[in-house]
Amino acid sequence: MAAPAVGSRIKRREDPRLITGTGNYVEDVTPAGTLYMALARSPHAHARLRRVNVKDALQHPGVVAALTGPEVRQIVDSVPCVVDFPDLKKPKWPVLAVDRVRYVGEAVAAVVATDRAMAVDAASLVQTDYLPLTAVTDPERALRPRSTRVHAEFKDNQAWYSLTEAGDVDSAFREAHVVVKQRLVNQRLIPLAMETRGVVAQYHAASGLLTVWSTSQNPHQLKSQLAALLGLPENQVRVIAPDVGGGFGSKIDVYCEEILACIFALRLGRPVKWIEERRENFQGTIHGRDQVDYVEVAAQRDGVITGLKVKVIADVGAYWGFFSPAIATSTIGLATGCYAIPNFRGELYEVFTNKTPVDAYRGAGRPEAAYIIERAVDLVALELALDPAEVRRKNFIGGPFPYATAGGMSFDSGNYRAALDKALQSAGYQRRRSEQKRLRQRGRYQGIGLSSYIELCAIGPWEMGAVRVDAAGKVTVLTGTSPHGQGEETTFAQIVADQLQVAVEEVAVQHGDTAVVPAGIGTYGSRTTAVGGSAVLNACLLVKEKAFKIASHLLQVPEDRLTFAQGTFAVKDAPDRAVTLAKVAAQAYTGSVPGAEMGLEASAYFEAPNLVFPFGTHVAVVEVDPETGEVKLVRYVAVDDAGNIINPLTAEGQVHGGIAQGVGQALMEAAVYDESGQLVTGTLMDYAIPAAEDLPLFETAFTVTPTPRNPLGAKGIGEAGTIGATPAVVNAVMDALAPFGIRHIDMPLSPERVWRAIQESAKARPARRRGPSARRRGS
Amino acid sequence: MNRQVTLRVNGVTQQHSVEPRLLLVYYLREVLGLTGTHVGCDTSQCGACTVLLEGQAVKSCTILAVQADGAEITTIEGLARDGKLHPLQTGFWEEHGLQCGFCTPGMIMAACQLLERIPDPSEAQIRHGLAGNLCRCTGYHNIVRAVQHAARKLLETKQR
Ligand code: FES
Ligand code: FES
């Protein structure tokens, strides 16, 4: 029998079009007669918008139409947010600003012209009159009683508050041998998919059909939202997410530009296209992270952690994006990590500020949790002079599973120790430690950092998969997920190939078009394989059930006397009486089979019964140059456990990319606002993401602990790298800087920040100067 | 005040009257319909728009179509010969050097020039050679592998 496709390193089926420049991204879609949209945006973080006048813009050559806030508000009153909590303050987010602007880049007017450059020119002719107001940019200050309010209709800027408690936290802290405290800033990030956002909306008046090409991660949700917002029946809206150039969460949201393009298209009866400029992407697409976290750990002398207090102050920006209110709740839910910490208190303050809204960015609340607990564990180790690996081992959850955590989660399965041990072994941890000592004597500062992260995925509520075997025996798969780089055209084909015993090449996977795929939720939160793949698997089972019926009819034996192997149904004990799946399929479309309707296809909805929790241990090795503060990432070992892996090649790819983004946060990236609310890192010249030279090759491996919560036993690998990497790298840098007495530096650990910390520590404790001068003696 | 330009793109002579402010990348994408070349930024940082101009890797968002008048240009669409993929294209496929694929055409074109200059590059030389091209998906690991793969194949062919 052929080797199973699942688990094989099969190269991707989506690649041929992408490596030849024949992919089809939204920017490549230009129906005849397309008009181009451009927006006028607020230069102020907070201002009264006294007047918006589009008269001059309308007179510009080529301009066809324009819209302003009050007019649009008559049609759509708010950009949607689908999360609701009790007591959640939920202001409207006007599609175009009305009376007030609340962040730099907020859209105030839209114009449409016959060509891109004309539209941009015309947008610059929109006249506005602003009365600038004080901007609130610091979330902690925003919480103060007399702070300027971002939304005047609410009494303060606290958008939401929650308290999670388990065990007896106060006793744990009273009885602790040591208490470790730290304030941690998890800085704001720009998701920065290499393809910016874009939309093309086309209305066909005669049929009443609105077709929307969008860079969406979840076209079905976009379809439902647009239909509801525009008052159209859902069956008159079709959304197509063609090839999409990365998303990392930033393309989940329904944005004002999509709504505006549709309104224009409906009005003008011509296709309307908008492609985001990178500058707009920095200001107008959601941001990620942005928390100030206070952590306190109670521990025994031996390193056993007995209590944890976490206060999360989440800066959510000016408005709620699609999932925004839920993001930081994962930080609280996973704050205890993969450790058995019985006593826990988690407080969450979500706070409005005059900044771009924050929503899901790769990890979305979980990297923040991992950063809090993984930094805290290292600080406990430092305080007690214990090996950080040992402290982790002492505190790991050992089961039994399902395991109810203090943060309110039910962990499905896990073997945290195995992943740690494997990572330490691959990294040669003990050797590294002695090497580190030797190097220190020569004035070289190497650091080794660990992070044993936990991740949460398989977000529901469900996903749809459909499988059709045509009369020639070829298979078409429809999935409601919407991959944009993850490679499910390949991995889902692998799942189907094994189930139906066909070659991977004979399975075509379609996604991203709501007119082709009947229903779906989308791709985010590392849910695609666990939820979407399980739906496809279940659809295969239904197809097989039917195929058995047909085969039984063809072979004239009861179904329970049939086997299915190598694409052939055969009679047990009489293997020469057999019929191929292709033959069965042909029969399904030509002859009637008693008790079975025509055709060979099935669809299945997989409901995610509960979340699944991947985990792993990452080890980063860095070297810090004390003269310049520069951090060099020397080595990176990742051991991840995502349950069963469908395709190790693409799974590793996900880990690599995730690590790069995690390293980016640790060392380089920061969306910086000044006091007045200007985004000062607003272009790729000021906002650094890792380039090829900033990273080493990564050493990746997996341990396999399947989840019992779906039929694939798969968990999710899309965000793991990002979650694991940030604390691993920061822990490594702090480990390197330990001889200077430096305990913590907030990210990003840029050369300047590291250098300053070294200088300050040198000032504070001149004795530590021995470090750098030792090098001179040594060399 | 349009200007006349004549270019050879992927071996085909093209003649058009264009606005002087038209960037080469939009000339390729919108006038010629060669949408394989992408635009990822507005500050010449990302390299998604990289093409070969007279054999040199250039960021086509950073020159005007009129400046390229008379030049020979190769884009990603012109890389495969007689239906046979270029070794860099197979390298990216074999080594999983792409995920969303948006940076890929630019990466491949930049790598083309890199291998032209240094047929047997070290890992560091590859990373340095691609410093002007950003990828947000792959962490560059498999891009490095892809270029190494292509270098090996190209050397093998030369030795034959
Ligand atoms: S489009 Fe980014 S460098 Fe040309
Ligand atoms: S593959 Fe997505 S940006 Fe490189």
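Residues numbered from 1 in each chain as written. Chains lettered and ligands numbered in written order. Predicted model: local features only at pLDDT ≥ 70, side-chain atom pairs only at ≥ 80, totals over all residues. Heavy atoms only, no water.

### Description of the pattern of salt bridges
Stage number 1. According to the stated counting rule, one finds 51 salt bridges over all chains in the structure shown.
Stage number 2. Notably, a salt bridge pairs R21 of chain B with D121 of chain A, separated by 3.3 Å at the nearest N-O pair. Placement of the pair is R21 of chain B in the loop between β2 (12–18) and α1 (24–31) and D121 of chain A in helix α4 (residues 116–123), with the two residues belonging to separate chains.
Stage number 3. What makes R21 of chain B partly exposed here is its relative accessible area of 43%.
Stage number 4. With relative accessibility at 26%, the residue D121 of chain A sits in the partly exposed group.
Stage number 5. The partner of D290 of chain A in a salt bridge is K355 of chain A, and the shortest N-O contact between them spans 3.3 Å. Here D290 of chain A is found in strand β13 (residues 288–299), whereas its partner K355 of chain A is found in the loop between β15 (343–352) and α11 (366–384), with 65 residues between them in sequence. (Salt bridge = Lys/Arg side-chain N within 4 Å of Asp/Glu carboxyl O. Helix = DSSP H or I, 4+ residues; strand = E, 2+ residues; numbered from the N terminus. Buried < 20%, exposed > 50% of the residue type's maximum accessible area, 1.4 Å probe, protein only.)

### Digging into helix α7 (residues 219–230) of chain A
All names here are of chain A.
Stage number 1. Its 12 residues place the ends of α7 16 Å apart at the C-alpha level, agreeing with the 16 Å of an ideal helix rising 1.5 Å per residue.
Stage number 2. Buried residues dominate α7, accounting for 10 of its 12 residues.
Stage number 3. Within α7, the full set of buried residues consists of P219, H220, Q221, L222, K223, Q225, L226, A227, L229 and L230.
Stage number 4. On the buried face of α7, the contacting elements are β10 (209–214), β11 (237–240) and α8 (256–268). (Expected span 1.5 Å × (residues − 1). Contact = heavy atoms within 4.5 Å.)

### Overview of the pairing of strand β20 (residues 475–479) of chain A
All names here are of chain A.
Stage number 1. In terms of residue burial, β20 counts as a mostly covered element, since 5 of its 5 residues are buried.
Stage number 2. Of the two faces of β20, both are covered, the one formed by V475, V477 and T479 as well as the one formed by T476 and L478.
Stage number 3. Relative to β20, strand β19 (residues 462–469) runs antiparallel, the two sharing 5 bridges. Bridging across to β20, G465 finds its partner in T479.
Stage number 4. Where β19 hands over to β20, the hairpin turn is made up of 5 residues, of which G473 adopts a positive phi near 85 degrees.
Stage number 5. The pairing of β20 with strand β21 (residues 507–511) spans 5 bridges and is classified as parallel. Note on β21: the bridge partner recorded for T479 is H511.
Stage number 6. Between β20 and its parallel partner β21, the chain crosses via helix α15 (residues 488–500), and the hand of that crossover is right-handed. (Pairing = 2+ DSSP bridges. Right-handed = clockwise from strand over helix to strand, strands pointing away.)

### Some remarks on the interface of chain A and chain B
Stage number 1. Each partner contributes residues to the interface: chain A has 53 residues there, and chain B has 46 residues.
Stage number 2. Both sides together, the interface formed by chain A and chain B hides about 4300 Å², and carbon and sulfur atoms give 57% of it.
Stage number 3. On the chain A side of the interface with chain B, the three residues burying the most area are I19, M194 and L697 of chain A, jointly 18% of the side's total.
Stage number 4. Our count for the chain A to chain B interface comes out at 5 salt bridges.
Stage number 5. The partner of E669 of chain A in a salt bridge is R136 of chain B, with the nearest N and O atoms 2.7 Å apart.
Stage number 6. For the pair chain A and chain B, the interface holds 28 residue pairs in polar contact (both at pLDDT 80 or more).
Stage number 7. Secondary structure elements with two or more residues in the side of chain A that touches chain B: α1 (15–19), α4, α9 (278–284) and α18 (648–667) of chain A.
Stage number 8. Ranked by the residues each element gives to the side of chain A that touches chain B, the list is headed by α18 of chain A, at 8 residues.
Stage number 9. Residue composition of the side of chain A that touches chain B, by class: 25 nonpolar, 14 polar and 14 charged. (Buried area = accessible area lost by both parts, 1.4 Å probe. Polar contact = N/O pair within 3.5 Å; in protein donor to acceptor, adjacent residues only side chain to side chain. Nonpolar A, V, L, I, M, F, W, Y, C, P; charged D, E, K, R; others polar.)

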